[in-house]
Every structure is written in structure tokens, then in C-alpha cells.
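# A structural walkthrough
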Amino acid sequence: MRKRIFILLSLILLVPISTLAVLVYTPLGVSLVPGQLHRLHNSGIYIEGVSGKFSGPLTVERFELNHPRVHIVAHDIFMDPQLRGLLIQTLRARSFTVRDVEVEVREADMPPTDRPPRFLPAFMRIDVAQAQLQHVIYTHIDGRKIEASDVTGAFQISHRRLHVNGFSIDADRFDATGDLTLVADRPMRLELTTYGRVH
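These notes cover the structure that comes with them. (Residues numbered from 1 in each chain as written. Predicted model: local features only at pLDDT ≥ 70, side-chain atom pairs only at ≥ 80, totals over all residues. Heavy atoms only, no water.)

A separate point is the overall build of the protein chain. A count of helical and extended segments in the protein chain gives 2 helices and 9 strands. Relative to its 199 residues, the protein chain shows a buried fraction of 26%. Partitioning the intrachain contacts of the protein chain with sequence separation of at least 6 by distance along the chain shows that 44% fall at a separation of at least 24. As displayed, the protein chain has an accessible area near 13,700 Å², and 61% of this comes from carbon and sulfur atoms. (Helix = DSSP H or I, 4+ residues; strand = E, 2+ residues; numbered from the N terminus. Buried < 20%, exposed > 50% of the residue type's maximum accessible area, 1.4 Å probe, protein only. Contact = heavy atoms within 4.5 Å. Areas by Shrake-Rupley, 256 points an atom, 1.4 Å probe, with all protein chains shown as cover.)

Okay, structure coming up:
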């Protein structure tokens, strides 16, 4: 009798663990994502061409964030996630590459709110050990554009803070290296240490 109970309990535990392993370590889990992405459209987030495995590598053909204050479009995103970071509510990746990134900052009249500004939900954190962005175009509110052929660095994002450590920018008009920190506040606080040269 005890043997049967033990076998039954083992099966009860084995089924969800096996299912989770299949979803995380095979392409099946990622194949279920496209059917749910339409839920992000109300937030101005559009994601196309997701493939790979949640355990890595993971690719996204196109990402777009369309917000009244900022518009971001990126192509050919490749990341190598580390699942153990999820235990401390952190999305970690050993590497992150993306091509043809366009960032446009807009001037927008937003309704007043008492909610504090934030980059991410309070429970989430993103930590990328090595990031590379190829062909980046940044457009400021006044229409000025900055183009860079290559941007690299490591970054960490929490709900209140965005920190880029050891960035390197190879642009048409200048080269620069340094560290950057943005703090979500009103107005947003910027801390920048940089060295570079103007062409």
C-alpha cells in the first residue's frame, strides 16, 4: 500500500516538473508566446518573430514600443538568458545583441498623475552582462539626430534606476566611453562620466 502511495505521489510531482522542463528547455514553450502577444498592444508594445528557447538562445525579429513620449524600434534581437536569475525576480542575460535601433523622444502633454515614474514594475529587474547595439539612430525632441554604428556595454535596470556600466559608443561625429545612470524622478536625474573625442 505504501509503495503505491509513493508511486502516485511521485507521478503527481513528476508531471508538472516535466511539463515545466519541456516548456523552458524546448522550442515548444516559445511557440506558445505569439498567441498572447496581442495583449501587449494596449500598452503600445509590438513583438514579432519570437523563436528559440526560454533557456536560450532566444531571438526576436522586431520589437516596437510606441509611447506618447518615446518611440523605439529594434530588429534582430538575440539574447542568451540565465534562468537562475528568475529566483530573485531578475531577468539575466549573458549577452544581448540588436540591429537597426531607432529611438525617438517626443514632447507630449500627459495628464497629471500621482504615480511615481518608473522604468519597470517594482518586482522586476533586468541585468545584462554584455550588450551590443548596431546602427543606432537617436532623435531628440528638437529633431536633432545622433547616429552610432556600434554601442556596447553592460546594463542593469530596476524600477527606479537604469545603469550602463563601461559603455562604448562609435558614432560618425564622436567616440565615447564611460558610465551612465538614469534615475526615474521628476525631473529625471542623469549621472554621466564619459571620455571621448569629436571627429
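Another point: the environment of A131. Among the secondary structure elements, A131 is positioned in strand β5 (residues 125–139). With relative accessibility at 4%, the residue A131 sits in the buried group. Here the alpha-carbon distance between A131 and V151, two residues 20 residues apart in the chain, equals 8.1 Å. Those residues within four positions of A131 in sequence are excluded, and the remaining contacts are F96, V151, T152, G153 and F155.

What follows is about the sheet that holds strand β6 (residues 145–157). With mixed pairing, the 9 strands of this open sheet are ordered in space as β1-β2-β3-β4-β5-β6-β7-β8-β9. Pairing within the sheet leaves two strands with one partner each, and these edge strands are β1 (45–52) and β9 (189–198). Shown here is a sheet whose adjacent strand axes are inclined to one another by a mean of 15°, direction ignored. (Pairing = 2+ DSSP bridges. Axes fitted to C-alpha atoms, helices over the stretch in contact; angles between N-to-C directions.)

In total, this model carries 1 aromatic pair according to the counting rule given. Centre to centre, the rings of F96 and F155 are 6.3 Å apart; their planes meet at 90°, and the pair counts as edge-to-face. Note that F96 is positioned in strand β4 (residues 90–105) and F155 in strand β6, a separation of 59 residues in sequence. (Phe/Tyr/Trp six-rings, centres within 6.5 Å; stacked < 30°, edge-to-face > 60°.)

With that settled, consider unusual backbone geometry. Of note in the backbone geometry, D76 takes a positive phi value of approximately 50° without being a glycine. Mapped onto the elements of the fold, D76 is located in strand β3 (residues 70–82). Even without being glycine, D100 reaches a positive phi, approximately 55°. Relative to the helices and strands, D100 is located in strand β4.

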